[in-house]
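Overview (structure and organization)
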Amino acid sequence: MTLLAMPCGGCRHASGRLPAAALSTIIGRMPHRLSASAHTVRSILRKAPRIASTLAALTALASAPHAQAQDEFEHRHALGGKVGTTGLGLEYSYAWSEFPQFGLRVNANAGSYSREATRRNVRYDGKAEFRSLMLLADAHPFRNGFRLSAGLAWNRNVFRATGVPVGGTFSINDVSYPADAVTDVGGEITVQPLSPYFGIGWGAVPDSRGRAFFSVDFGLMYQRPDVRLRATCGASFPAAECSRLQDDLLRQEQTFRADLIKYGRMWPVLNIGGGYRF
């Protein structure tokens, strides 16, 4: 019986060495495999610049918004001016944080407003003197100029009026007196120094791109007002009648004070202005 010889590339000879035919096959295939590996390496090296440029572009795109936001948020400070029901004001604001967006403001207000009016046959010259210092905290819930504001005001606003009778008679506490009974009448409204403030508005945004901005504030300042009325009797007016006039003036003052407590505790604040961030 004749045995068929089968080739065995991975078999070892009985002596433990590869057969000569197997060694010849392996050595013959090595140049082809080395050529394929070299081709793969050259292909990767040719594509390396494009891969590197693509990665660099993606990195730049990812970092651009953050860098832009950092650059924009560098302008934390702002100065501005405003005018409104608190007078003329100068304001400084500081962007406390970018997200959530919070800011702080401090403003100083001053000014006056005069007006003439005739009431119950008395011509009055009225004057409002505005003097206040406000410290406010702002929150921007929608990441734009809209803001919610709350704070405290050092309120030294004063309202004064002086008058003289212009008719034959005038009335105090619904009691009539002759015009020559007094030489002048007047009054003054003052408020307690500390006044809380709550309001809404539009103003500088902590991460806004523009430096110039428009601002508006609308809110209410809670105040505790008081009133004092006075009248100077004429030299020819009898003392007893002058005493009765002063009593009527005191009753008028009490009525006026009650109205202030009921209607005058909330002072409307409406200011418009603008500023510049830096």
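Note that the coordinates shown come from a computational prediction; the quantities given were computed from them, not determined experimentally. Numbering of residues starts from 1 in every chain and runs along the sequence as written. A pLDDT threshold of at least 70 governs which residues receive local features in this predicted model, and a stricter bar of 80 or more applies before side-chain atom pairs are shown or counted, although totals over entire chains, interfaces and linings include all residues. Only hydrogens and water are set aside; all other atoms, that is, all heavy atoms of the structure, feed into the side-chain values.

**Observations concerning helix H2 (residues 239–263)**
Owing to its 3.6 residues per turn, the α-helix brings residues three or four apart onto one side. Runs of H or I in DSSP of at least four residues are treated as helices and runs of E of at least two as strands, each being numbered from the N terminus. Expected helix span is taken as 1.5 Å per residue step, with the number of steps being one fewer than the number of residues. Over its 25 residues, H2 extends 36 Å from the first C-alpha to the last, a length consistent with the 36 Å expected when each residue adds 1.5 Å. Partly exposed describes any residue whose relative accessible area lies between the buried limit of under 20% and the exposed limit of over 50%, with all areas from a 1.4 Å probe on protein chains only and scaled to the type maximum. Every buried residue belonging to H2 is among Cys242, Leu245, Asp248, Leu249, Glu253 and Leu260, and all of these are buried. Should any heavy atoms of two residues lie within 4.5 Å, those residues are considered in contact. Buried residues in H2 make contact with strand E7 (169–172), strand E8 (175–178), strand E9 (182–191) and strand E12 (225–233).

**Structural notes on the environment of Tyr197**
Structurally, Tyr197 is set in strand E10 (residues 194–202). Those residues in contact with Tyr197, other than ones at most four positions away along the chain, are Met134, Leu136, Ser149, Ala150, Gly151, Asp217, Phe218, Gly219, Leu220, Met221 and Val269.

**Section: the pattern of salt bridges**
Any Lys or Arg side-chain nitrogen located within 4 Å of an Asp or Glu carboxyl oxygen qualifies as a salt bridge. Enumeration according to the criterion identifies 14 salt bridges in this entry. Note that Arg244 and Glu241 form a salt bridge whose closest N and O atoms lie 2.8 Å from each other. With Arg244 and Glu241 both in helix H2 and three residues apart, this pair spans about one turn of that helix. Under the relative-accessibility criterion, Arg244 is labelled partly exposed at 38%.

**Re the state of the cysteines**
Whenever a pair of cysteine sulfur atoms sits within 2.5 Å, that pair is classed as a disulfide. For the structure shown, the criterion picks out one disulfide. Across the disulfide from Cys233 sits Cys242; the S-S distance is 2.0 Å. Measuring handedness by torsion sign, the sulfur bridge of Cys233 and Cys242 sits at about 90° and is right-handed. An identical accessibility class is assigned to Cys233 and Cys242; each is buried.

**A short note on the side chain of Asp248**
Note on placement: Asp248 falls in helix H2. On the basis of relative accessibility, which here comes to 6%, the residue Asp248 falls in the buried class. If sequence neighbours within four positions are ignored, Asp248 has contacts with Ile172, Asn173, Val175 and Tyr177.

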